[in-house]
Amino acid sequence: MRALFCPLSDPGYLYPATAVALETHRRGHSVAIVSSGPAARAAEEAGLTVLPPDGSYAVSGWFRSAYGQYEHVRRTVRRTRPDVLVASVLSPGALVAAEVLELPVVVLGLACHLWPHRGDGGETDPQDRAWRLDSTLDVHRALRAELGLRQVGAARQDALLGTSFLLRGHPSLEPPGAELPARVRHVGPCWWEPPADEEKLHSVRSRLDRVGKPVVYVHLGRVFGGESLWPWIQRAFTGGEFQAVVELGRSAAPPGLPDAADVTAVRLPWMSPLLERSALVVSSGTSAPVLGSLLHRRPLLLSPNGGEQAVLAAACRRAGVAGVLDRTRGGDQLRTAADDDVTTARAHRMSDELIQAKSESRAAQAVEEACR
């Protein structure tokens, strides 16, 4: 089997695709991956064919780069002659290219399902999910119209699911009683990240050791026009019990902070060593830090803005593995969250089940099955 992986290029999408690509290659298949940075180096060292991405693979522009993505996938398919494609969620160009080229396509999703289920099971945000589906289908339909292809139905999410759609979270993150579409299955985190740079890690650890306070790992997501976490960070970690290491991710540079603020801001391609050092994780609710926190058995406080954040944060609260961050308060809530034995125990149970899921193997098997 020849597989072409064409994930979005941001780490939250590229890293799990790298995990599955490496496992698919390990199982004896020929694998090419559109990749860059540390993930590309790891793939090359493992013997995979690595192809450079272009701007159409950036998640920040997924809704305006569908045609560019479509053309890039078509060109890459001519070069690699795959039997199956593997793409990220929010990749309409890859989905339409697979259809035109008559190739099966496996879609790597996020930690929970973003679109409506059959039966809301008491879910509190069905309209939010419906809006997300409509906005995603709008991009899909616009690309089809540009290419002169037949349009799909007004609410057919199956057009976005590919041959198989893989969720990287836990089944309990879905609403109680809700039924997923037939092509959607849970495989688990597909966790991968590059090894930590020892010099950079030593520098961060030395700073944390000098401050000497317990660590809270804060992972910033996109604000989407909402409220930045920085005002809360400044209040919570100035003169308080905890210090913060703040992963900037794709967010802007931090504002000026007072010298008394116990905050270390970083922009690193890995998080595991910092999660291991932390007593608590604060996040807006994107898949990578949530799954990383669960895998490392750390309690969570979530404060979502837009995108997937609201859906995943609600799912984590409903499953009892996260609390709600109150931005009007300071750092007093951190100790309460860190010492919440009930939430921590639930996170431990979910962590055990996610680890036992052997997610990369299950995802690679789904890629193999897509060719049958």
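Up top you'll find the structure we're talking about.
Residues numbered from 1 in each chain as written. Predicted model: local features only at pLDDT ≥ 70, side-chain atom pairs only at ≥ 80, totals over all residues. Heavy atoms only, no water.

> Please clarify how the packing of aromatic side chains should be interpreted in this entry.
To describe a pair of aromatic rings, one takes the distance between the centres and the angle between the planes. With the rule as written, the count across this model stands at five aromatic pairs. Ring centres 6.0 Å apart and planes at 90° place the aromatic pair W62 and F63 in the edge-to-face group. Ring centres of W115 and F165 lie 5.8 Å apart, and the angle between their planes is 55°; this geometry places the pair in the tilted category. Placement of W115 in the loop between β5 (105–108) and α5 (126–147) and of F165 in strand β6 (residues 164–167) is noted, with a sequence separation of 50 residues between them. With relative accessibility at 2%, the residue W115 sits in the buried group. Classification of F165 by relative accessible area gives buried; the value is 3%. (Phe/Tyr/Trp six-rings, centres within 6.5 Å; stacked < 30°, edge-to-face > 60°. Helix = DSSP H or I, 4+ residues; strand = E, 2+ residues; numbered from the N terminus. Buried < 20%, exposed > 50% of the residue type's maximum accessible area, 1.4 Å probe, protein only.)

> Would you mind showing me how to read the packing of helix α1 (residues 11–26) against helix α2 (residues 37–45) here?
Helices that pack against each other are described as a pair by the angle of their axes relative to one another and the distance between those axes. Relative orientation of the contacting elements α1 and α2 amounts to 5°, with a least axis distance of 10 Å. The pairing of α1 with α2 is recorded here as roughly parallel in orientation. Of α2, the residues touching α1 (which contributes L14, Y15, T18 and L22) are A39, A42 and A43. (Axes fitted to C-alpha atoms, helices over the stretch in contact; angles between N-to-C directions. Parallel < 35°, antiparallel > 145°, perpendicular 65-115°, else oblique. Contact = heavy atoms within 4.5 Å.)

> Would you take a moment to explain unusual backbone geometry for this structure?
As a rule of thumb, non-glycine residues mostly have phi less than zero, and peptide bonds are mostly trans rather than cis. Positive phi, normally seen in glycine, also occurs at C190, with a value near 50°. The residue C190 is located in the loop between β7 (184–186) and α6 (198–211) in this model. Overall, the relative accessible area of 1% leaves C190 in the buried class. The backbone of K358 sits at a positive phi, close to 50°, despite the residue not being glycine. Of note, K358 is situated in the loop between α12 (341–356) and α13 (359–370). Classification of K358 by relative accessible area gives exposed; the value is 59%.

> When you look at the sheet that holds strand β11 (residues 280–283) in this model, what are you seeing that I'm missing?
By way of backbone hydrogen bonds, the strands of a sheet pair with one another, either parallel or antiparallel. The strand order across the open sheet built from six strands is β10-β9-β8-β11-β12-β13, with neighbouring strands paired in parallel fashion. For this open sheet the edge positions go to β10 (263–266) and β13 (322–324), each flanked by a neighbour on one side alone. For this sheet the average axis-to-axis angle between neighbouring strands, irrespective of direction, equals 25°. Of the strand pairs in this sheet, strand β8 (residues 215–219) and strand β9 (residues 243–247) are connected by five bridges, and their pairing is parallel. Bridging from a neighbouring strand, V216 pairs with A244 of β9. Here helix α9 (residues 287–295) sits on the sheet in contact with β8, β11 and β12 (300–302), set at roughly 160° to β12. (Pairing = 2+ DSSP bridges.)

> Is there a simple way to think about the pattern of salt bridges in this case?
Opposite charge on two side chains makes pairing possible when the charged atoms of those side chains draw close. For the structure shown, the criterion picks out 14 salt bridges. The partner of E369 in a salt bridge is R185, with the nearest N and O atoms 3.2 Å apart. Residue E369 is located in helix α13, and its partner R185 is located in strand β7; the two are separated by 184 residues in the primary sequence. Overall, R185 belongs to the partly exposed group, its relative accessible area being 33%. In this structure, D332 engages R329 in a salt bridge whose closest nitrogen and oxygen atoms are separated by 2.8 Å. For D332, a relative accessible area of 47% translates into the label partly exposed. A network of salt bridges, in which partner residues are shared, links E23, R26, R27 and E368. (Salt bridge = Lys/Arg side-chain N within 4 Å of Asp/Glu carboxyl O.)

> Can you walk me through the environment of L110 in this structure?
Position of L110 among the secondary structure elements: in the loop between β5 and α5. Through-space distance from the C-alpha of L110 to that of P195 is 23 Å; in sequence the pair is 85 residues apart. Excluding anything up to four places from it in sequence, L110 contacts Y13, V89, L167, R168, G169, S287 and E308.

> Help me understand the pairing of β6, please; the structure alone is not making it clear to me.
On a regular strand, one side chain projects to one face of the sheet and the next to the other, so that they alternate. Alternating residues of β6 divide into S164 and L166 and F165 and L167, and every residue in both groups is buried. Two strands pair when backbone bridges link them, and β5 and β6 are joined in this way by three bridges, in the parallel orientation. Bridge assignment links V106 to a residue of β6, and that residue is S164. Two strands pair when backbone bridges link them, and β6 and β7 are joined in this way by three bridges, in the parallel orientation. Note on β7: the bridge partner recorded for L167 is H186.

> Which parts of the structure should I look at to understand α6?
In an α-helix, one turn spans 3.6 residues, which is why side chains three or four residues apart end up on the same side. Taking 1.5 Å of rise per residue, 14 residues should cover 20 Å, and α6 covers 20 Å from first to last C-alpha, within 8% of that figure. Listed in full, the buried residues belonging to α6 are L201, V204 and L208. The buried residues of α6 occupy an angular sector of 70° when projected down its axis, which confines them to one face. Within α6, the exposed residues directed more than 90 degrees away from the buried face are E198, E199, H202 and R210. Where α6 is buried, its residues meet β8, β9, β10 and α8 (272–277). Its side-chain oxygen placed 3.0 Å from the backbone nitrogen of E199, D197 serves as the N-cap of α6. G212 sits one or two positions beyond α6 and adopts a positive phi of about 80°. (Expected span 1.5 Å × (residues − 1). Arc of directions from axis to C-beta. Polar contact = N/O pair within 3.5 Å; in protein donor to acceptor, adjacent residues only side chain to side chain.)

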